Amino acid sequence: MATKKVEIVVSPRPAHFVGDGFRVHNFIPGVHGLDMKRMDPFIMLDYNSKFHFNGSETPRGVGVHPHRGFETVTIAYSGKVEHHDSAGGGGIIGEGDVQWMTAAKGVLHKEYHETEWSKKGGIFQMVQLWVNLPAKDKMSHPKYQAIENSSMERVDLGENGIIEVIAGEYQGHKGPASTFTPVHMMNAKLKAGGKAEFTFPASFNTAALVIEGSIIVNGEEHVKTDHFALFKNEGETFTIEAKEDAIILIISGEPINEPIYPHGPFVMNSREEIMQAFEDFNTGKFGYLED
């Protein structure tokens, strides 16, 4: 198979707060070259790099807000997050866990630091991805997947480290997340000097975010902590070598190749559908959730 080479390496943009609980660097779609069409089906990626929050009796976070037309995927690396939505989904995720919420036809939800963790405070580190839905599924029923770290498929690489598969598969080992279109999502936890090889179709949009440590891609491209590497849509296979103990989030997905019409918390296929989303939200069709 041909080598899949790096197209660009992106450094984190200046951080901004989402609510008062998430201090994030936006990579998708805020960085030139990482717009929604280029990264389809990944239409948003916010990265809360390591940040220390002081203890607080009132949990920080984001209050009640709506979504329609896509899925939100929250991956916890440090700290704990509590989630509630108007479709009855919710729970707490801690280090290594994932919340996968399918907003679909519409939900209200809120996300906060978990109550007991908030009281103590500490280092907080998270990724939130928005994964687009195809037109035929945008108005399906909302659902929620709580994916504990213990339920993820682990691929032992021996002295090189491990791969934790969240969605899709790695070397035939399938992750627990259910997806609407082909999506691969995994954490490569490599030891210093450890190597791993990845293979995805050339047409899939593929990227790597370095959560910890630093890496060398294909023996030539250096990617530092908190940096994002986008791969070309050519070739299928690439290698990652850890220069030091490293954690790398790998994402790869088949483009949906449909019109993308975003407006705030809604991502649909046309202006008319966005207008309908606002009307449905304003008339209470997204349900109720106490703030």
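Fair warning: this is a prediction, and the values are worked out from it, not measured in the lab. (Residues numbered from 1 in each chain as written. Predicted model: local features only at pLDDT ≥ 70, side-chain atom pairs only at ≥ 80, totals over all residues. Heavy atoms only, no water.)

Attention now goes to the overall build of the protein. When helices and strands are counted, the protein shows 3 helices and 26 strands. Radius of gyration (C-alpha) of the protein: 18 Å, near the 19 Å computed for a compact globule of 291 residues. Counting only C-alpha atoms and orienting by the principal axes, one finds that the protein spans roughly 55 × 45 × 35 Å. Looking at the protein alone, contacts between residues at least 24 apart form 73% of all its contacts between residues at least 6 apart. Of the roughly 12,400 Å² of accessible surface on the protein, 48% is carried by carbon and sulfur atoms. Averaging the positions of the 27 positive and the 39 negative side-chain charges in the protein gives two centres separated by 2 Å. (Helix = DSSP H or I, 4+ residues; strand = E, 2+ residues; numbered from the N terminus. Rg over C-alpha atoms; globule rule 2.2 N^0.38 Å. Contact = heavy atoms within 4.5 Å. Areas by Shrake-Rupley, 256 points an atom, 1.4 Å probe, with all protein chains shown as cover. Lys, Arg positive; Asp, Glu negative; His and termini not counted. Charge placed at Lys NZ, Arg CZ, Asp CG, Glu CD.)

A few words on the pattern of salt bridges. For the structure on display, the rule yields 8 salt bridges. Residues joined in a network through salt bridges with shared partners are Arg68, Asp280 and Lys285. (Salt bridge = Lys/Arg side-chain N within 4 Å of Asp/Glu carboxyl O.)

Right, let's get into the UniProt feature "domain: Pirin C-terminal" (unreviewed entry) in the protein. As recorded in UniProt, the feature "domain: Pirin C-terminal" (unreviewed entry) lies at residues 186–287. Its end C-alpha atoms 33 Å apart, residues 186–287 is made of 12% helix and 47% strand. (UniProt positions renumbered as here; feature names shortened; annotations may be inferred.)

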